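Per-entry structural report
As a plain string of letters, each chain reads:
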Amino acid sequence: MTNKLDDQWQAIQQKVFTKWVNMHLGKRGKKIEDIQKDFGEGLLLASLLEVISGEDLPKMNKTPKMKIHKIQNVNVCLQFIAQKGVKLWGISSEDIVDENLKLILGMVWTIILRFAIADISEEELNAKEALLLWCKKKTAGYDKVKVENFHNSWSDGLALCALIHAHRPDLIDYNSLDKSAVRENLQLAFDVAEKELGITKLLDVEDLVDVPKPDERSVMTYIAEFYHVFSANRKNEIAGRRIGKLVDMTKTNDELKHDYETKAAAHSKWVKDTTEKLGDRDFGNSLEEIQKLVADLVAFKSEEKPPKVADKLSLASLNNTIQVKLSSAGHPAYVPPEGLSTKDIADQWDELEKAQNAREEALLAELARQQLLDLLAKRFNNKAGQLEDWIKNQQDELNKEEKIDNLEAAEQKLKAIEAFKQEYEQNKSRLKDLHDIKDEYCKNDGKDKEPITDRANKIQSDFDALNDLVNKKAASLGDSLAKQQAMEELRKKFAAAAKEYNYWVKDTVGDVSSTVFPDSLEGVENYKSELDANDASVTSTNDEKKANLDDLWEQEKAMGITNNPYTVFTNEDIATWHGSVNDALAERQKSYDAELERQKLNEEKRKEFAAAAQGFVDHLDSRTKEIDGLTGEPVGLIESIKSTYAEGNPEQEKLSALSNMQEEMGKMGIMENRHTPYTLPILQVNNDTLSRHVRNRIASLEQEGALKKEYNEQSRKLVDWIDATLPSLRSEFDNTLDGARSVKDKWTTYKTTDRAQRGLDKIHLETLYKNIQASQEANGRPAFEPEEDLKLENVSSKWDQMTSEEKKWEDAINEELSRQEKLYMQVKHFHSEADELDKSVEKHEAFLAAEDNISTLDESRIKLMTMDVFDEDLEGSTQRLGGLKTRGDKIKALNYHNQSEVDDRISGLEGKLSAIKESAAAKRETLKGENDNQQKKENLRLDFAKKAKDYDQYVRNAAIELSDKNFGTTLEAVEATAAKLDESDKSYSDASNEKKAACYAAADELTNNGITDNAHTDKTMDDINKYASDLQSAIDGRRAAYNDELQRQKDHDADRKSWAEKAQSFVDYLAEQRAAIKAVEGSPEEKATQVKEIFKEGAEAQAKLEELNDMNTAMRGKGIYSNDHTPYTMLALQKRLTQHLNAVNNTLSFFDDEKEFAQREQENEKEWAKKQEVEQRRLDFEFKCKDLILYLDSVHDVLTDPINVTTVEAVQDLQKDYEAAVAGIAEKKPDYDALLTELEALKALDVDVSCEVTTAKWDRANADADARKQQLADALAVQQENDSLCKQYADKAANADEWLQKTAAALENTSGDLDAQLQNLRAMNMEEGRAILAELNKLSEQLAAANVRSNPHTEFNTPSLTARINEVEAGQKSKAAVLEKEILSKKHSTASPEQIEEFKEVFAHFDKNHTNSLSKLEFKSCLQSLGEDPTDDQMESLMKELADVVDDKQQIGFEKFLSYMIKITSDTTTENEISAAFRDLAQDKDFITADDLRRSGMPTEKIDYLLSEMPAFEGVEGGFDYKKWAASAFAR
């Protein structure tokens, strides 16, 4: 598929390029038939280049016969192309001559790019982009056209048609084209281009339609011809654009003026007529007339006026538009006819607004007066009727005679008098309200003011007269009240005192019987004084209460009282109770004596445990000293310690005995022991301390043994080496030089290997010995004494002996080597000696040249030792040189004929040895320096090894110390340990961090000095980190153990607290039961039943005690024997339960006695109650009737007052009052029903009673409530609607204010350039403000129609907002006009914003490297994309004019580019410039024709307008006078 497409493209290119070549060759009367063959001689190719470049090529062979001549001609052409900056990659003269079609087409395409489109080579992309961008811009906005490439974008013909229509709309009717008619569209474009534009038809329809992808080069070649043709017409296009702009403006301005004058005349007439109507003040004199006039005004404001306001704003906007257009074009300002200017109309509107506001105020004032008078009259009549009814009822009640025959009746009647006084005071406010209504009605000159005043005065007189009737009746009732009070008071006093004494005796006997004594000897002994004091207090109180009752009994007898309905107790009962208290006190004294004896026995047992605990502590101290006194070497000493300690069995036996003793104390109830600080857990901790001490001692001894073993092994190894090496140190010489040299070499090897390593072993051994001794001293152990032959001084002696023997053997080797060399030198002749010396020199040089790779101190030391051996060899060579000189002297004495050769050789050897000595000295210095460096590294290794070992040892010791888990045996002790533990943790952590940091510092030193190995230790930083981790783990372990112990102690303490709480709960439970039993009420039988239910035979109390006992047993199992959280023990609690059981039984017995007394009281009270019941019911009935009547009168005003409110809240308040009244009536319904029931019951008992008044008022109140509900609902609906309108108005007013503030701020803003300010000003939505104002006017009219004269939701009003909006609108128009004028006077006013934006976009497109500048080629491409096509000479001129030199390159910046583009594309529209534009189109004629206008590219409708408007040019048929038309256009 690809090969086939390539073939198609090649065929199309061959055709298109042939046509293009012939199009240019035709200018010289030449053409080609076959592009593959006709360029072979070079002559036609040269003609093509001369035509398209405008230059002459060098002289060529006009009659080339031979191939070489043709190649030379073609070479001239290719060189010419190359001179134009075109690189022909892979194309040679031979290819053209040989008719290589593919390369020939490539050459032609390159020529087209360079001369027809743009520069090629590395800038080819710019050329293509510029042409594509030009096409995009010219076809932008055309329907169904989207140019994205030079192949498929052109296949349907629409893009070509759009390109032609964009420049010559008269040639193609683009809107009539059908996208599906591809071939027709293409043929139309080809034909129009060839016929009307002179563009050769390079392509055929099938070239674009019958291939899947048209050939890009062929399409570009064809499109480039359009570019050149339209670029040549650029001047006409600019002229047409300027004239078209003036046409648009002139037509628009004429239409706007006519529209304004028509609308303004009609609007002015309406304003004047309406103002006259609003001045009428004939309102009439009735409420109905006023209401109709108000409705008419509301309708005017909401329906008739708003459209007229919109008309006014529209007129102002239209006038401003006209003025701005004329001003910006430099035309004279528009002056409307008289009376129709915006100012004239605004003045007319001001008069209308004043007339409207004045009429509205007058109407509302009269409406309010009429409504107020009507409301006041209704409210007065309502309240007056209520007061008159109430006064009449009270007069009847106060004049009635009363019969009083008992105390209760008298009291009830007096209460009725007080109730009346209260009701009387309440009605004073109702009377005041009546007078206030009357006064306000008269103040507003109501028509019925005189009868209303008379009625109010009569009600006031009757109301005041009620006081005399009340005082008279109150005096009569007071005398009847005091008669029975004295005897009644005495009966009640005795009954109350007897009952109180009865209960006091019961409680006191119970309390005495329940006394609990302290649970310690001191407590019991100290309690004696408190017990005696309580006995005395109880006895005294008992006697006082009996004496008081005896006195009251005597007073009753003296007053003749023989019965007492309030009690059944007599003076005999009082005497019995008195004796029972004295008996309980005596029994408590016996119990105290028994408890005192028990506590004395417990104290002896505490002392016994204290002595045993102290003995165990002393035993532990003795055992510690015994173990610490043991001595010996580690292995034996460890066994001695273990044997002596005996796994702690002696201590366990003593602890077991103490545990048994503790258990015995627990059974006796002993929970604490002040005679000793030790408890069983504390003794166990002390025992654990001894065990830990033994373990730590053994661990320390094991470490000591390990170090000693290491020393013995290392020292034995060194001594054995000395003993083995010393006998074999020497060997026999074979009396030859080679043998001597061999022995010497072996000796050197020995010294630098085995011997050097053993020297290091000796140093390490000395360091180990010092470390052991330091450790022994630190641990208080005796100094280390190795075996005799392994003592350090003996090992050093052996070493010294070895060193001495080595020295002797080395001297012998050197002596033998010297002897052999001398013998050899005597044998050999001079040259042999010299050869040997040369060999030695070579060896010396090789040694010195060898690279010394030293990484350890041992290696540097060995290198120095090797250097010593080298120096010895070098000294031997020097000596041999001396011998060689001597032999040379001998040769010289023999008058050797080639003496110079001998001398030169000696001189050369002498120079070499001298240089070797210098090199050797330098190398020694280097080795010394390296040795020092290695010594430093070794010291660093030793330093790290020591610090790592110290850290290791520290961590081991710390781990042993951290294994101590003794934190105390109580919660307080463990919690107190926390601070010490924190300090200890910090100390260990700080020390660990310090040692770890020291190791890290030493490791960093190793790293910084390139040290990666360390023979002195196998420890790495991973080990260091592990030590830190191990120590932290030990710290964390101890902390965890502490937390565990703390938790254990907390758990123990929680157990103690839990037991204490439960013990207290048990005590409280008993107390609660006692309190509950004391609080029981009811009959004796009921109280006895309640007590039994509470007590439940003591089962619950017994269960609680058993639970406490189980907990106590469990706590002892955990080693908990004391409890500071409670004073109670199990024995004490058991005693309390026993006492409680006794107290309950006593109470039940008391209730049996009380039962008998209660029966007697009931019989006594029954007869008394029956007598009072009927009278009390009658009195209660009458009071309830009065209460209900009083309540119904109190809600009457709420249910009947006229409704005259103006807010939702006011209606809601009335509804709340109404709902409260209705709820109150509903609450009273059961009372009313009960009154009716009671009425029938009393009548059945022949009691004279009635409730007719009550029933009448009840029925009226319910009827009023039903009517009031609908009245309030209707009023609420009205006020809610009004309030909604008020809120809507407030919201809109707030919106208007916000819009005004925002718009005013925007008007004051001067930031940005003038264009930006004008753009922002034009962006203001003034219609938004007018729309809000229209809504406000509509809402105002609705509020006025609803008689709403104030708005609590806002402070704004429509007139003020209207004035502010008018002011802002005028400011916007004024500022816009000023800005437009100012902008027109600025530098670049001749270019439209759209043009400038286009220039920016194109510049950025070709500014590939974003430097804000363009190169020459980029600049040319940019111009081409904008339709400009400068020549090379023009480009050179432009670069000189516009370019700046940046980094030795010419670059054009954006500002210069923009100025140039504005200059060449200016669309100014002054009269002279318009005339000049017409002249350009007319080709300098004084008249213009229709054909001239069509060449401008203007739309047809504009051309038709000009032809219809322009006057004919005198004397020329078909000519038009464009100057006259331009003058008339600028005059209006």
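Note: the structure precedes this text.
These notes cover the structure that comes with them. This one's a predicted model, so the numbers in the text were calculated from it and none came from an experiment. Every chain begins its residue count from 1, and numbering advances along the sequence as written. Residue-level local features of this predicted model are given only where pLDDT is at least 70; pairs of side-chain atoms are given and counted only at 80 or more, and the full residue set underlies all totals for whole chains, interfaces and linings. Each side-chain value is worked out from all heavy atoms of the structure, with water and hydrogens disregarded.

1. Some remarks on the overall build of the protein
Filter applied, for reference: What counts as a helix is a DSSP run of H or I of at least four residues, what counts as a strand is a run of E of at least two, and both are numbered from the N terminus. Two things to know: the radius of gyration comes from C-alpha atoms, and the globule rule equals 2.2 Å times the number of residues to the power 0.38. For this analysis, residues touch if any pair of their heavy atoms sits within 4.5 Å. Under the convention used here, a 1.4 Å probe and the Shrake-Rupley method define accessible areas, while residue burial counts only the protein chains that appear. A positive count includes Lys and Arg, and a negative count includes Asp and Glu. His and the chain ends are not counted in either. For the purpose of locating charges, the reference atoms are NZ of Lys, CZ of Arg, CG of Asp and CD of Glu.
In terms of regular secondary structure, the protein is built from 46 helices and 3 strands. In terms of overall dimensions, the protein is more spread out than a globule: its C-alpha atoms have a radius of gyration of 66 Å, far above the 36 Å expected for 1532 residues. Projected onto its principal axes, the C-alpha positions of the protein cover 185 × 150 × 55 Å. For the protein, the share of sequence-separated contacts (at least 6 apart) that also reach a separation of at least 24 residues comes to 80%. Working note: accessible area of the protein is about 79,800 Å², and carbon and sulfur atoms make up 49% of it. Treating the 211 positive side-chain charges of the protein as one cloud and the 294 negative ones as another, the clouds have centres 4 Å apart.

2. Focus on the sheet that holds strand β2 (residues 1444–1446)
Worth spelling out the cut-off: In short, DSSP must find at least two bridges between two strands for them to pair.
Reading across the sheet, the 3 strands line up as β1-β3-β2 and stay open at both edges, with antiparallel pairing between neighbours. Because the sheet does not close on itself, it has two edges, and the strands there are β1 (1413–1414) and β2.

3. Here we look at the packing of helix α7 (residues 158–167) against helix α8 (residues 182–196)
This is how it is decided: Between N-to-C directions, angles span 0 to 180 degrees; the directions come from axes that are lines fitted to C-alpha atoms, helices contributing only their stretch in contact. Left-handed describes a crossing in which the near helix is turned anticlockwise from the far one by less than a right angle; the clockwise case is right-handed.
Two numbers describe how α7 lies on α8: the axes approach to 8 Å, and their chain directions differ by 35°. Like other packed secondary-structure pairs, α7 and α8 cross with a definite hand, here left-handed. Contacts between α7 and α8 involve L158, L160, C161 and I164 from the first element and N185, L186, L188, A189, F190, V192 and A193 from the second.

4. Some words on the packing of aromatic side chains
Selection rule: Note on ring pairs: Phe, Tyr and Trp rings are taken, using the six-membered ring of Trp, and paired if centres are within 6.5 Å. Classes follow the plane angle, with under 30 degrees stacked, over 60 edge-to-face and the rest tilted. Relative accessibility decides the category of a residue: with a 1.4 Å probe and only protein chains considered, values under 20% of the type maximum give buried, values over 50% give exposed, and everything between is partly exposed. Whether a charge sits over a ring depends on NZ of Lys or CZ of Arg being within 6 Å of the ring centre and within 35 degrees of the ring normal.
Throughout the structure, instances matching the rule amount to 19 aromatic pairs. Where F494 meets W553, the ring centres are 5.6 Å apart and the plane angle is 50°; that geometry is what we call tilted. Here F494, found in helix α16 (residues 485–513), pairs with W553, found in helix α17 (residues 521–559); they are 59 residues apart in sequence, far enough to count as distant. A relative accessible area of 2% means that F494 is categorised as buried. Residue placement shows K995 over the ring face of Y954; its charged tip is 5.3 Å from the ring centre. In this structure, K1104 is placed above the aromatic ring of Y1069, and the distance from its NZ or CZ to the ring centre is 5.1 Å.

5. Quick word on the pattern of salt bridges
Keep this limit in mind: The term salt bridge refers to a pairing of a side-chain nitrogen on Lys or Arg with a carboxyl oxygen on Asp or Glu at a separation within 4 Å.
Following the criterion strictly, the structure yields 65 salt bridges and no others. For D462, the salt bridge identified is with K458, shortest N-O distance 2.6 Å. Here the residue D462 and the residue K458 both occupy positions in helix α15 (residues 449–481), the gap between them amounting to 4 residues, near one helical turn. Close ionic contact of D985 with R1038 constitutes a salt bridge, the shortest N to O distance being 2.9 Å. Here the residue D985 occupies a position in helix α28 (residues 971–1008), and R1038 occupies one in helix α29 (residues 1021–1079), the gap between them amounting to 53 residues. Given the relative accessible area of 8%, R1038 is considered buried. Taken together, the shared-partner salt bridges connect K15, K19, D204 and D207 into one network.

6. Description of the pairing of strand β3 (residues 1449–1453)
Looking at chain direction, β1 and β3 are connected through 2 bridges and run antiparallel. Bridging from a neighbouring strand, L1414 pairs with I1452 of β3. Sheet topology note: the β2/β3 ladder contains 3 bridges and is antiparallel. Bridging from a neighbouring strand, D1444 pairs with Q1451 of β3.

7. Comments concerning helix α5 (residues 101–117)
Stated formally: Each residue after the first adds 1.5 Å to the expected span of a helix.
Between its first and last C-alpha, α5 extends 22 Å over 17 residues, near the 24 Å set by a 1.5 Å rise per residue. Most of α5 is tucked away, with 14 of its 17 residues classed as buried.

8. Structural notes on helix α23 (residues 754–778)
The end-to-end C-alpha separation of α23 is 37 Å, in line with the 36 Å expected for 25 residues at 1.5 Å each. Of the residues making up α23, those classed as buried are R755, A756, R758, G759, L760, K762, L765, L768, Y769, I772, Q773 and Q776.

9. Some details on the layout of surface pockets
The line we're drawing: Using only the protein atoms, space was sampled on a 1 Å grid; points where a 1.4 Å probe fits but cannot get out form cavities, open sets with protein on both sides within 12 Å along at least five of seven lines form pockets, and lining residues are those with an atom within 4 Å of a point. Grid points are joined across faces, edges and corners, and a volume is the space filled by probe spheres set on the points.
In this model, the second largest pocket occupies a volume close to 1,400 Å³. Forming the walls of the second largest pocket are 40 residues, and the residues nearest its centre are L707, E710, L768, N771 and K949. Only α21 (680–725), α23 and α27 (899–962) provide two or more residues apiece to the lining of the second largest pocket. Counting residues per element, the lining of the second largest pocket draws most heavily on α23, at 13 residues.

10. A closer look at the nonpolar core
For clarity, the threshold we go by: Throughout, nonpolar core names a set of buried Ala, Val, Leu, Ile, Met, Phe, Trp, Tyr and Cys residues whose side chains join them through atoms within 4.5 Å.
In terms of nonpolar packing, the biggest core is built from 80 residues, with F39, I117, W154 and F226 touching the most fellow members. For this core, the element with the highest residue contribution is α5, accounting for 11 residues. Of all hydrophobic cores here, the second largest spans 25 residues; its members include Y260, W270, A355 and L367.

11. Thoughts on unusual backbone geometry
Even without a glycine there, the phi angle at E1097 is positive, about 60°. The residue E1097 is located in the loop between α30 (1084–1095) and α31 (1099–1117) in this model. Even without glycine at this site, Q1483 takes up a positive phi of about 60°. Along the chain, Q1483 turns up in the loop between α43 (1471–1481) and α44 (1490–1494).

12. A short note on a negative patch on the surface
Worth spelling out the cut-off: Two distance rules govern patches: like charges are joined within 9 Å, and nonpolar side chains (Val, Leu, Ile, Met, Phe, Trp, Tyr) within 5 Å, applied only to residues with over 30% relative accessible area and no salt bridge.
Taken together, the side chains of D280, D282, E288 and E289 define an acidic patch exposed on the protein surface. Tracing the backbone through its elements, the reader meets D280 in the loop between α11 (234–278) and α12 (287–328).

13. Quick notes on the packing of α28 against α29
Spelled out, the test is: Reported orientations rely on four angle classes, namely roughly parallel under 35 degrees, roughly antiparallel over 145, roughly perpendicular from 65 to 115, and oblique for the rest.
Relative orientation of the contacting elements α28 and α29 amounts to 175°, with a least axis distance of 10 Å. Between α28 and α29, the angle falls in the class roughly antiparallel.

14. Observations regarding the side chain of N73
Heads up, the condition is: Any pair of nitrogen or oxygen atoms within 3.5 Å is treated as a polar contact; in protein, a donor-acceptor pairing is required on top of that, and neighbouring residues in sequence qualify only through side-chain atoms on both sides.
Within the element layout of this structure, N73 appears in helix α3 (residues 67–83). Assessed through its relative accessible area of 3%, N73 is described here as buried. There is a polar contact of 3.2 Å between the side chain of N73 and the backbone oxygen of E41. Setting aside its immediate chain neighbours within four residues, N73 contacts E41, G42, L43, M60, N61 and P64.

15. Some remarks on the side chain of D838
With respect to the helices and strands, the residue D838 is situated in helix α25 (residues 830–849). For D838, the contacting residues outside a window of four places in its chain are R905, L909 and K912.

16. Section: the state of the cysteines
Convention followed: Two cysteine sulfurs form a disulfide in these notes if their separation is within 2.5 Å.
Per the stated rule, a full pass over the model turns up 0 disulfides. Not engaged in a disulfide, the cysteine C161 finds its nearest cysteine sulfur in C135; these two sulfurs lie 14 Å apart.

17. Notes on the environment of T515
Note on placement: T515 falls in the loop between α16 and α17. Owing to a relative accessible area of 10%, T515 belongs among the buried residues under this scheme. For the pair T515 and R1260, spaced 745 residues apart in sequence, the C-alpha separation works out to 70 Å. Sequence-distant contacts of T515, that is, excluding residues within four places in its chain, are made with Y527, R588 and Q1139.

18. A closer look at the environment of K965
Mapping K965 onto the fold places it in the loop between α27 and α28. With a relative accessible area of 36%, K965 lands in the partly exposed category. Remark: the alpha-carbon pair of K965 and A991, spanning 26 residues in sequence, is separated by 20 Å. If sequence neighbours within four positions are ignored, K965 has contacts with R692, G1037, R1038 and A1041.

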